[in-house]
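A look at the structure
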Amino acid sequence: MAAERVTILGSTGSIGVSTLDVLARDPERFEVYALTASASVEKLAEQCLACRPAVAVMMEPEAGAALRDLLQRAGVATEVRVGADALAEVASAPEVDVVMAAIVGAAGLLPTLAAAEAGKRLLLANKESLVMSGALLIDAVARSGAKLLPVDSEHNAIFQCLPEGYTCGEPVRPSGAERIWLTASGGPFRDRPLDRFHEITPEEACAHPNWDMGRKISVDSATMMNKGLEVIEARWLFALEPEAIQVVLHPQSIVHSMVAYADGSVLAQLGNPDMRTPIAHALAWPRRMGSGVSPLDLFAVGRLDFAPPSSERFPCLDLAYRALKTGGTATTVLNAANEVAVQSFLDRRIRFPAIADLIAATLDAVAAGPADSLEGILAADAQARDYAGHWVTEHGTGP
Ligand code: NAD
Ligand code: MG
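These remarks concern the structure in this document. (Residues numbered from 1 in each chain as written. Chains lettered and ligands numbered in written order. Predicted model: local features only at pLDDT ≥ 70, side-chain atom pairs only at ≥ 80, totals over all residues. Heavy atoms only, no water.)

Topic: unusual backbone geometry
Excluding glycine, residues mostly carry a negative phi; peptide bonds, for their part, are mostly trans. Selection criterion: Helix and strand assignments come from DSSP, with helices taken as H or I runs of at least 4 residues and strands as E runs of at least 2, each series counted from the N terminus.
A cis geometry characterises the amide bond from tryptophan 285 onward to proline 286, with omega recorded as 5 degrees. Within the secondary structure layout, proline 286 lies in the loop between α11 (276-284) and α12 (298-301). Backbone geometry at methionine 224 places phi at a positive 70 degrees, although glycine is not the residue there. Structurally, the position occupied by methionine 224 is in the loop between α9 (215-223) and α10 (225-238). With a phi angle near 50 degrees, alanine 239 is a residue other than glycine that sits in the positive phi range.

The structure is reproduced here in structure tokens:
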């Protein structure tokens, strides 16, 4: 069988690096077609040296020139392209079979859509694209016959707990599934006294107790907006109404999520918290492959705890449900406001509790419209970013 050719969008990030680690375990089956990164020239050069892709993409011309130079000197024939259009090209090129969508944030939307429209096997880590434009992405998948496989550990777990033959984007109810339990670790601040939340630093927020991730998703996990985005992601992947998606705190991060069926059965997927498991599952599906993840030692784990999340501690979770219930572009607005808020917090322009305040203010200020066109989605995204930017200037602590 010919090797499957893979594009990794965001190959230098946490998910990208784990994907390359898993791919290298079956070089007969997988070949890398393209790698992409925003600005980390040296890291991308190293990756090109190791797996010799046909194409590498950088976002800025200077970074592209620097990469071209490094590769030439190392005698690597990889073609270097630059800019957002090049991302969409390598996501939809006829040479490509599999696309790992692992760019962080709204920047991932257009190449992810391009892969969906081109009918690729689409491994989705970039949850923001479903939050911004779930209907468009799911429609594109259905129209083109693309195969959508969730990489986010919770959604991958749910997918594994659904019957064989189930296709993401279709309603799960006909299979007897009635409810989804999305597990959440609660992040680094699940026990911190609420009156000390204003002291939280970016360094503390990025130090997750169980998972090693990029900075944006680490902050999202600390506010639990990550779980809010995942509720919205689950709504689109599994076509379930918000009331049937329940978040449960589970500090050990061993049960990655659960599906409750009409007969009272609850199916769960368990494993050590290591993204190489869902990545390997999505890559090898419907088969299985080694991932390098150590086997789960239940005696070492000892116990599994579950508790309801607190709205007072995690207001972002309620904001996500609110946007989902409003519908249309409200979740696009939520996502954009969150991206601005997280970046402003990382830049020390706003304090941790202001992340939720800023998102709430943006949801109040920017009216939701229909989410049935890319133009409408991009306009809502821009409007929300604009409002949120002004909010930071007005209420922030300065640059
Ligand atoms: P990361 O910050 O570690 O990596 C992001 C990648 O995207 C890098 O390769 C970077 O160069 C690229 N990138 C960043 N901005 C870009 C831009 N404007 N244009 C083009 N490329 C850009 O992020 P991550 O933790 O790997 O997360 C990636 C995605 O996967 C996110 O959507 C995240 O929510 C999702 N996800 C991550 C994890 C995890 O454990 N890290 C788990 C589940 C889902
Ligand atoms: Mg997740």
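Concerning empty space enclosed by the protein
Selection rule: Cavity: a set of points on a 1 Å grid over the protein atoms alone where a 1.4 Å probe fits but cannot get out. Pocket: an open set with protein on both sides within 12 Å along at least five of seven lines, its lining residues, like those of a cavity, having an atom within 4 Å of a point. Grid points are joined across faces, edges and corners, and a volume is the space filled by probe spheres set on the points.
By the definition in use, this model includes one cavity of 30 Å³ or more. Space inside the largest cavity adds up to approximately 50 Å³. The wall of the largest cavity is formed by Ser153, Asn156, Ala157, Trp211, His256, Gln269, Asn272, Asp274, Thr277 and Pro278. Those elements giving two or more residues to the lining of the largest cavity turn out to be α7 (153-160) and α11.

Looking at the pattern of salt bridges
Opposite charge on two side chains permits pairing when their charged atoms draw close. The condition is simple: What counts as a salt bridge is simple: a side-chain nitrogen of Lys or Arg found within 4 Å of a carboxyl oxygen of Asp or Glu. Burial classes follow relative accessibility: with a 1.4 Å probe on protein chains only, a residue under 20% of its type's maximum area counts as buried, one over 50% as exposed, and anything between as partly exposed.
Across all of its chains, the model carries 22 salt bridges by this definition. Lysine 227 is the partner of glutamate 154 in a salt bridge, and the nearest nitrogen-oxygen pair spans 2.7 Å. With glutamate 154 in helix α7 and lysine 227 in helix α10, the pair connects residues that are 73 residues apart, well separated along the chain. You can call lysine 227 buried: its relative accessible area is 5%. Between lysine 227 and glutamate 230 there is a salt bridge, with the nearest N and O atoms lying 2.6 Å from each other. Linking lysine 227 with glutamate 230, this pair stays in helix α10, spanning three residues, or about one helical turn. Salt bridges sharing common partners tie together Lys127, Asp152, Glu154, Lys227 and Glu230.

Here we look at the site of ligand 1
What counts here: Put simply, a residue is near a molecule or strand once any heavy atom of it comes within 4 Å of that molecule or strand. Counting of polar contacts relies on pairs of N or O atoms within 3.5 Å, with two restrictions inside protein: one atom must be capable of donating a hydrogen and the other of accepting it, and residues adjacent in sequence are counted only when both atoms are side-chain atoms. Residue-level accessible areas treat just the shown protein chains as cover; the underlying method is Shrake-Rupley with a 1.4 Å probe. The residue classification treats Ala, Val, Leu, Ile, Met, Phe, Trp, Tyr, Cys and Pro as nonpolar and Asp, Glu, Lys and Arg as charged. All others, Gly included, are polar.
Not every one of the 22 residues close to ligand 1 is listed here, only the nearest: Thr12, Ser14, Ser38, Glu128 and Gly214. Within the contact set of ligand 1, an oxygen atom lies 2.9 Å away from a backbone nitrogen or oxygen of serine 14. Here an oxygen atom of ligand 1 and a backbone polar atom of serine 38 are 2.8 Å apart. Considering ligand 1 on its own, with 830 Å² of exposed area, one finds that the protein chains cover 85% of that surface. When residues of the shell around ligand 1 are traced back to their parent elements, those giving at least two are α1 (14-23) and α6 (127-144). Tallied by class, residues from the shell around ligand 1 come to eleven nonpolar, eight polar and three charged.

Structural notes on the sheet that holds strand β11 (residues 266-270)
Counted only if it meets this: DSSP bridges decide pairing: two strands pair if at least two such bridges lie between them. Lines fitted to C-alpha atoms define the axes, with helix axes restricted to the stretch in contact, and inter-axis angles between N-to-C directions lie between 0 and 180 degrees.
An order of β9-β8-β10-β11 is seen for the four strands of this open sheet, with the pairing classed as mixed. Single-partner strands in this sheet number two, and they are β9 (245-249) and β11. When strand polarity is set aside, the average angle formed by the axes of neighbouring strands in this sheet is 20 degrees. Of the pairings in the sheet, the one linking strand β8 (residues 177-184) to strand β10 (residues 255-261) comprises four bridges and is antiparallel in character.

Some remarks on the coordination of the magnesium ion (ligand 2)
To keep it simple, the criterion reads: The rule for donors is simple: an N, O or S atom within 2.8 Å of the metal counts, and for Na, K and Ca the reach is 3.2 Å. Water is not among the atoms, so a site may look short of donors.
Distances from the magnesium ion (ligand 2) to its protein donors, Asp152 (OD), Glu154 (OE) and Glu230 (OE), fall at 2.1 to 2.2 Å. Mapped onto the polypeptide sequence, the residues donating to the magnesium ion (ligand 2) form the spacing pattern D-x1-E-x75-E. Note on accessibility: aspartate 152 and glutamate 154 belong to one class, buried.

Points about the nonpolar core
The criterion, for reference: In plain words, nonpolar cores are sets of buried Ala, Val, Leu, Ile, Met, Phe, Trp, Tyr and Cys residues tied together by side-chain atoms within 4.5 Å. By definition, residues are in contact when any of their heavy atoms lie within 4.5 Å.
Counting residues in each nonpolar core, the largest one holds 131 residues, and the members touching the most others are Phe238, Leu334 and Ile359. In terms of residues, this core owes the most to one element, helix α14 (residues 330-346), which gives ten residues. Not counting chain neighbours up to four residues away, the residues in contact with phenylalanine 238 comprise His155, Ile158, Phe159, Leu162, Tyr166, Cys168, Glu170, Pro171, Val172 and Ile180.

Considerations on the sheet that holds strand β4 (residues 79-82)
Strands pair in a sheet through their backbones, by hydrogen bonds, and they do so in one of two ways: parallel or antiparallel. With parallel pairing, the seven strands of this open sheet are ordered in space as β4-β3-β2-β1-β5-β6-β7. Since the sheet does not close on itself, it has two edges, and those belong to β4 and β7 (147-150), each with one partner. For this sheet, the mean inter-axis angle between neighbouring strands, taken without regard to orientation, is 20 degrees. Pairing analysis gives four bridges linking strand β6 (residues 121-124) to β7, with the strands arranged parallel. Note on β7: the bridge partner recorded for arginine 121 is lysine 147.

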